[in-house]
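So you can see what is in the structure, the chains are spelled out below.
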Amino acid sequence: MMKGIITDARFRLILMANIASSIGTGITMIAVPWLLVTSEDGNVLFGFITLGMTLINFMITPYVGTLVDRISRKNLLLISEILCLLAILMFAILGFAGQTYSIWHYTAIFMIGSLYYTIFYPTMFAMNQEIFDKSQYKALNGTIEVQGQLSSMIAGAVASYLLIHWELQFILLLNVASYAAAVYFYVRLPYERTKNMKKVNSRKGDWDGLLYLKERPALFIFLFFSTMPFLGVMITNYLFPVYLSDVLKVSGDIYALENMIYAIGAITAGMAIPIIAKKFGNESTILVGVALYSVAISLIVFVSLPIYLSLMFFLALGNSGTRVARNSFMMDQIPNEIIGRVDSLFRTAGLLFRLLAIALFTKMISSDLIIICFLILSGMMIIAAFAVFVSSRNGMNKGTEEKLV
């Protein structure tokens, strides 16, 4: 299946653009937080910056969804790449001019990268749905998942080397080059807005996504709770390092090994899920993925270190498998002319959930209460699995074939 999608010239251009921008931005978004947290009082400040950016993303995500539906997706990607290129180039020039980087430089660069991701992911998701055929969705999303994980692994490996051997301005210049490469590939991409996209505005405009889901409550529940494994991953990115250091008392190389095992699981999901979903359907695959993640996260604090590391594979398989099948399901079910606004609703709800969960766990975090944090997260995931199961058998597809009015 993946071999078929890779023969499509449009996909190869998108893949090359994604690889370039993902690795370049990924290196910067690893290097800058590290430089920030290792500066004076940077650890605490980085927590506030992360919280602040989450709030900003929460506020702007609905507007991003509207933009995705109203203007050319290709142009939106090009504009975001070019603006980020110019902004990062400015900070690189400051470094080459002899300017010493300070906290506000790191903060601004981190904000640029965070805003880039906020625009890139929903735009790319909508454009892929728009230009590719339904028969390609499963292979498309599986290949994108593999590409994303491999890019993250490469970015992590390169960043660990560059942080030792390169000054920040050289790292930023590499990021600028990656944006330039992405712009080149996007410019070459054949793209023409569909007829439905040209007449996207309805009487309700910005509320079309909400109205669409309001008429399909079971679909809303299914799609919202199927995002929970991803939200769980975002939360455990904060919990796992604390658990490893304070409870299991292990060294940093174990944390690196944990991330490597997780990446292997995610790549496996990207390769296997398109085949599984083709045989059993997206809905069943999503249900199994959410259930698998729920079981793995529920066991995580009751097992020894070797089993803990093994569970990382199944956490990745559950999360990435759910995401691949869910993206294909949304592409199949949601009209392309409102996909940006529908997708933004779930992204906004997810950001709110993440804010509340991290705020709660931040107050609870300690070697004594970290176990309680995981138990709360486990309860959330079990509820999510139950909600996905019930909604998938409760007329979820009712009305999805109707035209938007």
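Being a predicted model, the structure only gives us computed values, none of them experimental. (Residues numbered from 1 in each chain as written. Predicted model: local features only at pLDDT ≥ 70, side-chain atom pairs only at ≥ 80, totals over all residues. Heavy atoms only, no water.)

Engineer: Could you give me a rundown of the packing of helix 13 (residues 282-299) against helix 14 (residues 305-333), with the residues and numbers involved?
Structural biologist: Relative to each other, helix 13 and helix 14 sit at 155 degrees, their axes nearing to 8 Å. Put simply, helix 13 runs roughly antiparallel to helix 14. The two elements helix 13 and helix 14 cross, and the hand of that crossing is left-handed. Facing helix 13, whose interface residues are Asn 282, Glu 283, Thr 285, Ile 286, Gly 289, Val 290, Leu 292, Tyr 293, Ala 296, Ile 297 and Leu 299, helix 14 presents Leu 311, Phe 314, Leu 315, Leu 317, Gly 318, Asn 319, Thr 322, Ala 325, Arg 326, Ser 328, Phe 329 and Asp 332. Partitioning the contact of helix 13 with helix 14 into residue classes produces 13 nonpolar, seven polar and three charged. (Axes fitted to C-alpha atoms, helices over the stretch in contact; angles between N-to-C directions. Helix = DSSP H or I, 4+ residues; strand = E, 2+ residues; numbered from the N terminus. Parallel < 35°, antiparallel > 145°, perpendicular 65-115°, else oblique. Left-handed = near helix turned anticlockwise from the far one by under 90°. Contact = heavy atoms within 4.5 Å. Nonpolar A, V, L, I, M, F, W, Y, C, P; charged D, E, K, R; others polar.)

Engineer: Just give me the short version of the nonpolar core, but keep the residues and values in it.
Structural biologist: Grouped together as the largest cluster of nonpolar side chains are 113 residues, with contacts concentrated most on Ile 297, Ile 300, Leu 315, Ile 334 and Phe 374. Take this core: its biggest share by element is twelve residues, from helix 5 (residues 103-131). Ignoring sequence-local partners within four residues, the contact set of Phe 374 consists of Thr 236, Leu 239, Phe 240, Tyr 243, Ile 297, Ile 300 and Val 301. (Core = buried A, V, L, I, M, F, W, Y, C linked by side-chain atoms within 4.5 Å. Buried < 20%, exposed > 50% of the residue type's maximum accessible area, 1.4 Å probe, protein only.)

Engineer: Outline the packing of aromatic side chains, supporting the account with residue identities and numerical values.
Structural biologist: Tallied over the entire structure, the rule returns 19 aromatic pairs. Ring geometry for Phe 220 and Phe 346: centres 5.6 Å apart, planes at 25 degrees, overall stacked. Taken together, the positions of Phe 220 in helix 10 (residues 217-225) and Phe 346 in helix 15 (residues 339-364) put the pair 126 residues apart, joining distant regions of the chain. Members of the aromatic cluster, each reached through a chain of ring pairs, are Tyr 116, Tyr 117, Phe 120, Tyr 121 and Tyr 179. Note that Arg 216 overlies the ring of Tyr 212, its terminal NZ or CZ placed 3.8 Å from the centroid. Above the face of the Phe 346 ring, Arg 326 is positioned so that its terminal group lies 5.4 Å from the ring centre. (Phe/Tyr/Trp six-rings, centres within 6.5 Å; stacked < 30°, edge-to-face > 60°. Lys NZ or Arg CZ within 6 Å of the ring centre and 35° of its normal.)

Engineer: Can you break down the packing of helix 2 (residues 9-37) against helix 5 residue by residue, with the values?
Structural biologist: Running from N to C, helix 2 and helix 5 point in directions that differ by 155 degrees, and their axes come no closer than 10 Å. With respect to helix 5, the axis of helix 2 lies roughly antiparallel. In this structure, helix 2 meets helix 5 at a crossing whose hand is left-handed. Looking at the contact of helix 2 with helix 5 residue by residue, the classes come out as 16 nonpolar, eight polar and one charged.

Engineer: For the side chain of Gln 169, give the residues involved together with the corresponding values.
Structural biologist: Relative to the assigned elements, Gln 169 resides in helix 7 (residues 168-188). By relative accessible area, Gln 169 is classed as buried at 9%. Within polar-contact distance, the side chain of Gln 169 engages the side chain of Glu 167 at 2.7 Å. Beyond its immediate chain neighbours, meaning those up to four positions away, Gln 169 contacts Ala 92, Gly 95, Phe 96 and Tyr 101. (Polar contact = N/O pair within 3.5 Å; in protein donor to acceptor, adjacent residues only side chain to side chain.)

Engineer: Give a detailed account of unusual backbone geometry, specifying residues and quantitative values.
Structural biologist: The phi dihedral of Lys 249 falls on the positive side, at around 55 degrees, and the residue is not glycine. Along the chain, Lys 249 turns up in the loop between helix 11 (228-247) and helix 12 (252-280).

Engineer: Can you explain the pattern of salt bridges? Please cite residues and give values.
Structural biologist: Per the counting criterion, the structure on display carries seven salt bridges. Measuring nitrogen to oxygen at the nearest pair gives 3.1 Å for the salt bridge that ties Asp 69 to Arg 73. Overall, the relative accessible area of 0% leaves Arg 73 in the buried class. Among the ionic pairs, Arg 73 bridges to Glu 130, the shortest N-O distance being 2.9 Å. Pair noted here: Arg 73 is in helix 4 (residues 73-96) and Glu 130 is in helix 5, with a separation of 57 residues, a long-range link. In this structure, Arg 73 and Glu 130 share a single accessibility class: buried. (Salt bridge = Lys/Arg side-chain N within 4 Å of Asp/Glu carboxyl O.)

Engineer: Describe a nonpolar patch on the surface, listing the residues and the values that go with them.
Structural biologist: A surface patch of nonpolar side chains, about 560 Å² in accessible area, is lined by Phe 96, Tyr 161, Trp 166, Phe 170, Leu 173 and Leu 174. Counting residues per element, the nonpolar patch draws most heavily on helix 7, at three residues. Relative to the assigned elements, Phe 170 resides in helix 7. (Patch = residues over 30% accessible without salt bridge, like charges linked within 9 Å, V, L, I, M, F, W, Y side chains within 5 Å. Areas by Shrake-Rupley, 256 points an atom, 1.4 Å probe, with all protein chains shown as cover.)

Engineer: Describe helix 5, and please don't skip the residues or the numbers.
Structural biologist: A rise of 1.5 Å per residue sets the reference length of helix 5, with its 29 residues, at 42 Å; its end C-alpha atoms lie 42 Å apart and thus fit the reference within 8%. In terms of burial, helix 5 is a largely internal element, 22 of the 29 residues being buried. (Expected span 1.5 Å × (residues − 1).)

Engineer: I'd like a rundown of the side chain of Glu 145, residues and numbers included.
Structural biologist: Among the structural elements, Glu 145 can be located in helix 6 (residues 137-165). Look at Glu 145 and you get buried, because its relative accessible area is 8%. In this structure, Glu 145 is in contact with Ala 266, Gly 270, Ser 320, Arg 323 and Val 324, ignoring residues within four places of it in sequence.

Engineer: If you had to explain the environment of Leu 89 to someone new, which residues and values would you point to?
Structural biologist: The topology assignment puts Leu 89 in helix 4. We classify Leu 89 as partly exposed; its relative accessible area is 27%. Along the chain, Leu 89 and Ala 177 lie 88 residues apart, while their C-alpha atoms are 9.4 Å from each other.

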